[in-house]
Structures are given as structure tokens and as C-alpha cells.
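Architecture at a glance
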Amino acid sequence: MEAFKSEGQRSLIEKVINKGICVQCGACVGLCPYFNYFDGKVVVMDQCYADVWRCLQICPKADYEGIHLERKAEGVFNSEEVGPFIRVVIARAVDKDIRNKAQYGGTVSSLIIFSLEKGIIKSAVLTDKGGQSSPGGRISQNRTSILDCAQSIYSASGSLSALNRAISDGQDKIGVVGLPCQMDALARIKLAKPDGEERSKRIAIKIGLFCTWALEYRGLEAFLNHEYPDRKIKKFDISPPPSEKFCVQTETGWIDIPLDSVKPFIQKGCTICRDMTAEKADLSVGTVEGREGWNTVIVRTNAGDELINAAEAEGWLELDELPEENFIHLKEAALNKQKRALSNMAVSL
């Protein structure tokens, strides 16, 4: 009986962690007491004897026969490249303070602050910058805390562990901002037995971020410490193609690093991910090629549509049409990620 009860955790370790394809999303951390997130890694603390196997069911990198995710959602349109959607727009925060503190247009921060002030959510699960340690999940309940998390990290964060903490504390009406793999995990939570549907009801809104890949935190940190010792890192960015630069802002200014220098730190699990645009979110947000300070927003569900409409109507967001050429480029980029993932899966798994 003991062997049977530990099979869920053992399968997750064998299928995901030992293969090196864990993307450090944090979905298992705090759900199972025997997983923890430390220094950029999900680590196994001890053997688990639970027979519900929730960790295996919700992991975005583990195949589980009881979880079958449908690609179609509420979207009126369904694109093979970017998934289901109602419409695609560009947006930016009206509040200049939010725009100045955000990575690009401030759309995500504006939506989260608006949702909090209007009672649509009571708290938000975000990713903080990590300070002197690796980035991690934060449960934010005010504007200051939200804006502290307003910039892109470009490395794994384990932030869904904060969602598990919030649910364990009895919180509901939670907003979650995360990467495509984390939106995948949220979709799996709803189907997981025995209590997934109840846990899923605690989540009010899901905002996904466009993602080509995330970097392994420990490797990136060691590289930056070696190349730029004693420099405090303030912000990361990736310049638009064809420049191929990974940009690092320090207290003395910006440093442009060839993108190939950091590509060795791309997580293996990211190389087999086919989703660039967070298809399972209510709203998916990325940059706008050729229009600085704006975000592309894919509106996917009725909940997402209602939220962005309300934010615009009350003066929180400015919306505009996405040029057709931009949408074509977005679909091309998303399709290229799918092709790379399928190719890598054939080679590595």
C-alpha cells in the first residue's frame, strides 16, 4: 500500500524533476508539504504518502490521464497560433505613475489595481523581484505592493506557491498574473481531484504574460555575478528584433549583453513549451512591436472582456486597435515557438 500511495509524487519526480523539465511554476509547492521552492528551484523535501496525487494532476509538464485540457474556451475566434480569443487590442495605463513603474504600458498593473479597488479581487498573486534571493510569489493587497512587482523578471519564480498559501488561508476572489505554464497549471487545478473545482473557484481573474522562454535563475545569477561583480541589478529587458540583446539595467546604466550569452540558461522545460501567448488565461498581455509604451492584449474570455471594458470605461486604460501586420507577426512568433517545441520534444524526450 505504501508503494501505491507514493506513486503520485514518485511519478512527478521521475517524469518531470529528474528529466530536468520542471519550469519552477510553483503549482505543487504548498499544495504538497513535501515540495518547497528554494533559490530558484522546486525541491523535494521528503517522501509523500498521500493517495490523491494532486501534484501530478496540476503539473503543466506531467501527462496525467485524468486531465484533458481542451484548447477551445470562450473565445469567438480560435487561432492555431494564439488560441481562442474574443478580440485583440493594444492598451496602456492612463495613470503615468503606473506606466513609469511598469515594464512597458502598465496594462497588467493597472488592471490588477483597478480590480482590487473595485472589489473584483481581494488580493493578487504576483511575482516579486526577489531582492537578494530568487524571484518568488507575493500576495499583494495594495497599490504599492502591486507596483513593486511591475517589471519583467525573465527567470522562473515559483509564484504559484503564493496562490496555494492564499487558498490555504481561506482567501477567495484572487487575481493571478503568470506565465503560460502557470496558466496551464491553473486550468489543470479546476479538473484535479478531489478538490480542484473548489480551489479553482477562489480565482477571480487570470492574466497571462507572453513568454518565449524563462531563464534558470541560478545560472543567470552566477553569470551576472561573474561578468558584472558588485553591480546592483535593477531591471531586465530584451530589445526587439533584430538586435538580439539581453539588456540589464544597473545603478550606473544599461548594459547590452548578446542574447546568445544567456540562452544557455533557458530552462529545458521551456524548450518544449508550445504556448507563447498564455492561451488559458482570461487576458493575455505582451509588448507591441514598433509602438513603445503599449501592450498587446488578447481578450480570451467573457470575464476578461468585462474587466478590460470596465477599466477603459472608468478611465484606467486607453485602448486602440492592433494593426493587422502586428497580429500577423504575433502569430508567426507563436507558431515558431510551437515548431521549436515539437522539434525539441522529438529530440529530448
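Along each chain, residue indices are assigned from 1 in the same order as the chain's sequence is written. Reporting in this predicted model follows two pLDDT cut-offs: at least 70 for local features of residues, and 80 or more for side-chain atom pairs to be given and counted; totals over whole chains, interfaces and linings ignore these cut-offs and use all residues. Excluded from the side-chain calculation are hydrogens and water; included are all heavy atoms of the structure.

To continue, consider the packing of aromatic side chains. Side-chain rings of Phe, Tyr and Trp, where Trp is taken by its six-membered ring, are said to pair if the distance between their centres is within 6.5 Å; with planes under 30 degrees apart they count as stacked, over 60 as edge-to-face, and otherwise as tilted. Taken as a whole and judged by the stated rule, the model has six aromatic pairs. Seen from their ring centres, Phe85 and Phe327 are 5.7 Å apart, and the 75° between their planes marks the pair as edge-to-face. Taken together, the residues Phe85 in strand β4 (residues 83-85) and Phe327 in helix α14 (residues 324-348) connect sequence positions 242 residues apart. Exposure class is identical for Phe85 and Phe327. Each is buried. Residues Phe223 and Phe265 carry aromatic rings whose centres are separated by 5.7 Å and whose planes lie at 50° to one another, so their mutual orientation is tilted. Here Phe265 lies in the loop between α11 (259-262) and α12 (268-271) and Phe223 lies in helix α10 (residues 217-227), a separation of 42 residues in the sequence. Both residues of the pair, Phe223 and Phe265, count as buried. Here a helix means four or more residues in a row that DSSP labels H or I, a strand means two or more in a row labelled E, and each is numbered from the N terminus. We call a residue buried when its accessible area falls under 20% of the maximum for its residue type, exposed when it is over 50%, and partly exposed in between, using a 1.4 Å probe and counting protein chains only.

Spatially, the eight strands line up as an open sheet ordered β7-β6-β8-β9-β13-β14-β5-β15, and their pairing is mixed. Every interior strand has two partners, whereas the edge strands, β7 (137-140) and β15 (317-321), have only one. Strand after strand, the sheet turns through a mean of 25° between neighbouring axes, direction not considered. With three bridges connecting them, strand β9 (residues 203-209) and strand β13 (residues 283-287) associate as parallel partners. Looking at the pairing, Gly208 lines up with Ser284 of β13. Note on contacts: a residue pair is in contact if any heavy atoms of the two residues lie within 4.5 Å. Interaxial angles span 0 to 180 degrees and are taken between N-to-C directions of axes, which are lines fitted to C-alpha atoms, for helices over the stretch in contact. Across the sheet, helix α7 (residues 160-168) is in contact with β6 (123-127), β7, β8 (174-178) and β9; its angle to β7 comes to roughly 45°. Here, strands pair whenever DSSP counts at least two bridges between them.

Here the residue pair Lys193 and Pro194 is connected by a cis peptide bond, since its omega of 10° sits within 30 degrees of zero. Secondary-structure assignment places Pro194 in the loop between α8 (180-191) and α9 (196-200). Positive phi outside glycine occurs at Lys173, with the angle close to 50°. Mapped onto the secondary structure, Lys173 falls in the loop between α7 and β8.

Take it as geometry only, folks, not as evidence of what the structure does.
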